[in-house]
Amino acid sequence: MNLNEPTISNVAFMIDEIKSKLKMATAAAMQPNHFDLNRYEDIKDIYEVIASKPSFSISEVEALVSELGKLRNQ
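Cut-off values and rules
- Throughout, a residue's number is its position along its own chain's written sequence, starting from 1.
- Local features in this predicted model are restricted to residues of pLDDT 70 or higher, and side-chain atom pairs are both shown and tallied only at a pLDDT of 80 or more, whereas totals for entire chains, interfaces and linings draw on every residue.
- Each side-chain value is derived from all of the structure's non-hydrogen atoms; neither hydrogens nor water enter the calculation.
- By nonpolar core is meant a set of buried Ala, Val, Leu, Ile, Met, Phe, Trp, Tyr and Cys residues that side-chain atoms within 4.5 Å join together.
- Each residue's exposure class comes from its accessible area (1.4 Å probe, protein chains only) as a fraction of the maximum for that residue type: buried when under 20%, exposed when over 50%, partly exposed otherwise.
- Under the scheme used here, helices are H or I runs from DSSP no shorter than 4 residues and strands are E runs no shorter than 2 residues, and both carry numbers assigned from the N terminus.
- Contacts are residue-level and defined by heavy atoms, with any inter-residue pair within 4.5 Å sufficient.
- Salt bridges are defined as contacts in which a side-chain nitrogen from Lys or Arg sits within 4 Å of a carboxyl oxygen from Asp or Glu.
- Multiplying 1.5 Å by the residue count of a helix minus one yields the expected span of that helix.
- Directions pointing from the helix axis toward each C-beta atom define the arc.

S.K.: Please clarify how the nonpolar core should be interpreted in this entry.
M.R.: General note: in soluble globular proteins, nonpolar side chains tend to be found buried as a group. Judged by nonpolar contacts, the single largest core of 17 residues is most densely connected at Ile15, Ile18, Phe35, Ile43, Ile46, Ile50 and Leu68. Among the elements of the structure, helix H1 (8-22), helix H2 (40-52) and helix H3 (58-71) are those that each provide at least two residues to this core. If we skip the residues at most four places from it in the chain, Leu68 touches Ile15, Ile18, Met30, Phe35 and Ile46.

S.K.: Help me understand the environment of Glu67 in this model?
M.R.: Mapped onto the fold, Glu67 is located in helix H3. Given the relative accessible area of 37%, Glu67 is considered partly exposed. Sequence spacing of Glu67 and Ile46 is 21 residues, and the spatial spacing of their C-alpha atoms is 8.1 Å.

S.K.: Would you explain the pattern of salt bridges in this entry?
M.R.: Between side chains of opposite charge, pairing is possible as soon as their charged atoms come close. Counted under the stated rule, the structure contains five salt bridges. Across the pair Lys70 and Glu67 runs a salt bridge whose closest N-O atoms are separated by 3.1 Å. Taken together, the residues span about one helical turn, with Lys70 and Glu67 both in helix H3 at a distance of three residues.

S.K.: How do you make sense of the environment of Glu41 when you look at a structure like this?
M.R.: Counting through the fold element by element, Glu41 comes out in helix H2. Residue Glu41 is classed as partly exposed on the basis of its relative accessible area of 45%.

S.K.: Looking at this model, I keep getting lost on H2. Mind explaining?
M.R.: Given 3.6 residues per turn, any residue in an α-helix points the same way as the ones three and four places further on. With 13 residues, H2 extends 18 Å between its outermost C-alpha atoms, agreeing within 8% with the 18 Å of an ideal straight helix rising 1.5 Å per residue. Among all positions of H2, only Tyr40, Ile43, Lys44, Ile46, Tyr47 and Ile50 are buried. Buried residues of H2, seen end-on, are gathered within an arc of 165 degrees and therefore sit on one face of the element. For H2, the secondary structure elements touched by its buried residues are H1 and H3.

S.K.: Is there a simple way to think about the environment of Gly69 in this case?
M.R.: Among the secondary structure elements, Gly69 is positioned in helix H3. With relative accessibility at 30%, the residue Gly69 sits in the partly exposed group. Each C-alpha atom, one on Gly69 and one on Met30, is 8.4 Å from the other, the two residues being 39 residues apart in sequence.

Now the structure itself:
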């Protein structure tokens, strides 16, 4: 998958991977269609941080989820 292209399917892939990796209890609330393609690079940055680590502390998960929340459409 070429994540260099800002597509809706890439956003969907990254959000699904983020939810899976963080084992989010509120995963249903975080849907790919809640994000705008204009924020693609920001989403990709978060995805790359999450993809690069095998595990996260509770505070790291909270910070990452908070950042994702800021990127959601209002």
